[in-house]
Amino acid sequence: MLAIEMANVHKRYYRSHALRGVNLQMEPGKIVGLLGPNGAGKSTLLKICAGLAHPTTGRVHVLGRDVSTATKGLTAFVPENDTFYSWMTPRQAVAFENSMFSDMDVSDAMDLLRELRLDPDNKISSLSKGQRGRLKLVLAMSRRARVVLMDEPLAGIDPPSRAAILETIASRYRAGEQTIIISTHEVLESEKLFEDVVFLSDGQIVLSGNADELRANRSKSLNEIFAEVC
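Only a predicted model underlies this, so the values are computations on that prediction, with no experimental measurement involved.

The rules behind the values
Residues numbered from 1 in each chain as written. Predicted model: local features only at pLDDT ≥ 70, side-chain atom pairs only at ≥ 80, totals over all residues. Heavy atoms only, no water. Helix = DSSP H or I, 4+ residues; strand = E, 2+ residues; numbered from the N terminus. Rg over C-alpha atoms; globule rule 2.2 N^0.38 Å. Contact = heavy atoms within 4.5 Å. Areas by Shrake-Rupley, 256 points an atom, 1.4 Å probe, with all protein chains shown as cover. Lys, Arg positive; Asp, Glu negative; His and termini not counted. Charge placed at Lys NZ, Arg CZ, Asp CG, Glu CD. Phe/Tyr/Trp six-rings, centres within 6.5 Å; stacked < 30°, edge-to-face > 60°. Buried < 20%, exposed > 50% of the residue type's maximum accessible area, 1.4 Å probe, protein only. Expected span 1.5 Å × (residues − 1). Pairing = 2+ DSSP bridges. Right-handed = clockwise from strand over helix to strand, strands pointing away.

A.B. asks: Hey, could you run me through the overall build of the protein in this one?
C.D. replies: A count of helices and strands for the protein gives nine helices and ten strands. Relative to its length of 230 residues, the protein is compact, with a C-alpha radius of gyration of 17 Å against a globular reference of 17 Å. Counting only C-alpha atoms, the protein reaches 45 × 40 × 35 Å along its principal axes. Sequence separation of 24 or more characterises 69% of the internal contacts of the protein that already satisfy a separation of 6 or more. Carbon and sulfur atoms form 47% of the exposed surface of the protein, whose accessible area is close to 10900 Å². Within the protein, one finds 28 positive and 28 negative side-chain charges whose respective centroids are separated by 5 Å.

Take a look at the structure:
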């Protein structure tokens, strides 16, 4: 069973085309890099997989099912822009997430807050962007979701928080059981995580494959390939 399958997916916003005939198959149990410049269609692709947007035409399956309320319970979505209530604390954010998703492990979330040096009782309004990025990661990685969709988790984040986020993804990833798809244009720092990669430009897939094979075949890093094809 594929983690993600897209067949001839188009997404149009008025006169703008965000996705243009995307055909994609992602094997389960891997960390996949969805790489492309700003405006390439990465966020739209992830939102469609998360059930937060609908394709104009085409077919999308997540874990072999049409995207629906059922698949939303199997996926965790980390948006680029956080949607926290500023009056909440991290502890309350964990409790809120737990009220929405039955696969949330509250004890694990509290442990991860401590690991990432987040005070569970500070107001979210007082957190830096980097700290909010860490909190978004806590809420996603403390669920038992089979597919985790991360939209630009490193964008605008300070270097210490970037390092903490990448380390947490690597250490918490359930290899073989979980699929993590990370959209980013920050390829240099994150490329060591990726087993497979998909390069997206102007709403179309321009290159995809196994990360190690692409490096070997082209004698280039993923960051260099990114600069070449995108």
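Next, the rest of the story.
A.B. asks: Just checking my understanding: could you explain the packing of aromatic side chains for this structure?
C.D. replies: The description of two aromatic rings rests on the distance between their centres and on the angle between their planes. Applying the stated criterion across every chain, the model contains two aromatic pairs. Arranged with centres 5.8 Å apart and planes meeting at 25°, the rings of Tyr85 and Trp87 form a pair that is stacked. Overall, the relative accessible area of 44% leaves Tyr85 in the partly exposed class. Taking 6.1 Å as the distance between ring centres and 85° as the angle between the ring planes, the aromatic pair formed by Tyr85 and Phe96 counts as edge-to-face.

A.B. asks: Would you mind showing me how to read helix H5 (residues 129-141) here?
C.D. replies: Along an α-helix, a turn takes 3.6 residues, which lines up residues three or four apart on a common side. Given a rise of 1.5 Å per residue, 13 residues ought to cover 18 Å, and the 18 Å separating the end C-alpha atoms of H5 matches this to within 8%. Within H5, eleven of the 13 residues are buried, which leaves it mostly tucked inside the rest of the structure. Buried within H5 we find Gly130, Arg132, Gly133, Arg134, Leu135, Lys136, Leu137, Val138, Leu139, Ala140 and Met141.

A.B. asks: Please explain the pairing of strand E7 (residues 147-151) as it appears in this structure.
C.D. replies: Side chains on a regular strand alternate between the two faces of the sheet. Burial of E7 is extensive: five of the five residues sit out of reach of the surface. Residues Val147, Leu149 and Asp151 point to one face of E7 and Val148 and Met150 to the other, with burial holding for every one of them. Of the pairings in the sheet, the one linking strand E6 (residues 75-78) to E7 comprises four bridges and is parallel in character. Bridging across to E7, Val78 finds its partner in Met150. Each parallel crossover has a hand, and the one from E7 via helix H6 (residues 159-172) to strand E8 (residues 179-184) is right-handed.

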